[in-house]
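Descriptive analysis of the structure
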Amino acid sequence: MRVLNSILNIIFPKKCVCCERDGDILCRGCFLSIKKVCRRISLPHLDFVCAIYRYENSGVLQKVIKSMKYRFLRDIPRLFEYDILDFLEKNFDKSSFVLVPVPLHPKREKWRGFNQSFELIKNLDWQIVPAIKRTRNTKPQAELARYERLENLNGAFTVHPSALPKLLNKKIILVDDVCTTGTTLSECARVLKGAGVKEVYAVVLGHGG
Ligand SMILES: [Zn+2]
C-alpha cells in the first residue's frame, strides 16, 4: 500500500487543497491558519454543541471540508483527530460518554466511500457506537430554505434497536463535520432522547454557512 501510495504521489503529486502548494493534502501553513475557537452553540434537544474551529464562507476550513466531501479525500478527517481528542479529553469523562457519528444515508455513503463524521473519530480510543440510522435519503440541507429543512428531516433518523443496550446509562456526544442550521444535530438528539438517553452533546469542526 505504501509503495502504491508512493507511485501515486509521483504520478499525481499531492497538492494542498487550499493553496495548491505541492507536498501535502493540506499544507502546514493552511492548517495552522484554521483558528481554534471552541464556540458553544445552543440547539433544541442538545445540552450543548461545540464548534472546535472558526468556520467562514470561502475560508480555509470550508474549502478543506468541501474537498473532503466532494473530491472524496478520505485522508483529510485524520488531520483533525488530535484537536478533537484534545477537546473531548478536556471537556468530558471518557467512561460515561459514547461517541455517535451523524450518519449518512447508505446510498450517499456508498457514493462517497466513507462517512466523514465516522472518519473524524474512528482512530480515537473512545467508545464509538454508530447508533443512528438515516432511513430516508434526504436532500442536502444546504440546498434548502430554512423553513424546508425541518420538514426535510422529519422522520429521517431512527435509533438502531441493537445499539440501545450500548447507550444505557451513557451520555452521548454526536459528531459531525459542520453544523449549518443545526437541524440535523437537533433531529438526531431528539431521536436519542426519545430512546431514553438523558444527555446529548455534540462536537463539530465548524458552525456556519
Ligand atoms: Zn496550503
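Residues numbered from 1 in each chain as written. Predicted model: local features only at pLDDT ≥ 70, side-chain atom pairs only at ≥ 80, totals over all residues. Heavy atoms only, no water.

Here we take up the overall build of the protein. Along the protein, the regular secondary structure elements total nine helices and seven strands. For 209 residues, the compact-globule estimate of 2.2 N^0.38 gives 17 Å, and the C-alpha radius of gyration of the protein, at 17 Å, lies within 12% of that figure. Taken along its principal axes, the extent of the C-alpha atoms in the protein is 50 × 40 × 30 Å. The contacts in the protein between residues at least 6 apart in sequence include a share of 70% that link residues at least 24 apart. Working note: accessible area of the protein is about 11,500 Å², and carbon and sulfur atoms make up 52% of it. The centroid of the 35 positive side-chain charges in the protein is displaced by 2 Å from the centroid of its 21 negative side-chain charges. (Helix = DSSP H or I, 4+ residues; strand = E, 2+ residues; numbered from the N terminus. Rg over C-alpha atoms; globule rule 2.2 N^0.38 Å. Contact = heavy atoms within 4.5 Å. Areas by Shrake-Rupley, 256 points an atom, 1.4 Å probe, with all protein chains shown as cover. Lys, Arg positive; Asp, Glu negative; His and termini not counted. Charge placed at Lys NZ, Arg CZ, Asp CG, Glu CD.)

Take the coordination of the zinc ion next. Protein coordination at the zinc ion comes from C16 (SG), C19 (SG), C27 (SG) and C30 (SG), with a distance range of 2.3 Å. Around the zinc ion, the four donor atoms are arranged such that angles at the metal cover 103 to 116°; this shape is classified as tetrahedral. The sequence pattern formed by the donor residues of the zinc ion is C-x2-C-x7-C-x2-C. Here the two residues C27 and C30 agree in accessibility, since each one is buried. (Donors = N, O, S within 2.8 Å, 3.2 Å for Na, K, Ca; no water. Tetrahedral: all angles 85-135°; square planar, octahedral: opposite > 155°, others 65-115°. Buried < 20%, exposed > 50% of the residue type's maximum accessible area, 1.4 Å probe, protein only.)

Further remarks concern the confidence of the model for the protein. Low pLDDT marks stretches whose predicted atomic positions should not be read closely. Confidence in the prediction for the protein averages 90 pLDDT; 92% of positions are at 70 or higher. By mean pLDDT, helix α1 (residues 2-11) is the weakest element of the protein at 64, and strand β3 (residues 97-101) is the strongest at 98. (pLDDT = per-residue confidence, 0-100.)

This part is about the sheet that holds strand β6 (residues 171-179). Taken in spatial order, the five strands make up an open sheet running β1-β2-β7-β6-β3, and their pairing is mixed. The strands lining the two open edges of the sheet, one partner per strand, are β1 (36-41) and β3. This sheet shows a mean twist of 25° between the axes of neighbouring strands, independent of strand direction. As paired elements, β1 and strand β2 (residues 48-53) share four bridges and run antiparallel to each other. (Pairing = 2+ DSSP bridges. Axes fitted to C-alpha atoms, helices over the stretch in contact; angles between N-to-C directions.)

Another aspect to go through is unusual backbone geometry. The backbone of E20 shows a phi angle near 65°, a positive value even though the residue is not glycine. Inspection of the secondary structure puts E20 in the loop between α1 and α2 (28-32). At F72, a residue that is not glycine, the phi angle is positive and equals roughly 55°. Assignment of secondary structure puts F72 in the loop between α3 (60-70) and α4 (81-91).

By the definition in use, this model includes nine salt bridges. K15 is the salt-bridge partner of D22, the closest N and O atoms lying 3.0 Å from each other. By relative accessible area, which is 53% here, D22 ends up exposed. Exposure remark for K15: the relative accessible area of 42% places this residue in the partly exposed category. Between E119 and K122 there is a salt bridge whose closest N-O contact spans 2.9 Å. Overall, K122 belongs to the partly exposed group, its relative accessible area being 33%. Among the charged side chains, a salt-bridge network with shared partners connects R74, E119 and K122. (Salt bridge = Lys/Arg side-chain N within 4 Å of Asp/Glu carboxyl O.)

The full count for this structure, using the stated rule, is 10 aromatic pairs. Ring plane angle 20° and centroid distance 6.1 Å describe the contact between F48 and F92, whose orientation is recorded as stacked. One end of the pair, F48, is in strand β2; the other, F92, is in the loop between α4 and β3, with 44 residues separating them in the sequence. For the pair F48 and F92, one class covers both residues: buried. Here the aromatic rings of F92 and Y201 are separated by 5.4 Å at their centres, their planes lie at 65°, and the arrangement is edge-to-face. Of the two residues, F92 sits in the loop between α4 and β3 while Y201 sits in strand β7 (residues 200-207), which places them 109 residues apart along the sequence. No difference in accessibility class separates F92 from Y201, as the two residues are buried. Across from the ring centre of F48, 3.7 Å away, lies the NZ or CZ of R40, which sits over that ring. The ring centre of Y70 lies 5.7 Å from the NZ or CZ of R112, which sits over that ring. (Phe/Tyr/Trp six-rings, centres within 6.5 Å; stacked < 30°, edge-to-face > 60°. Lys NZ or Arg CZ within 6 Å of the ring centre and 35° of its normal.)

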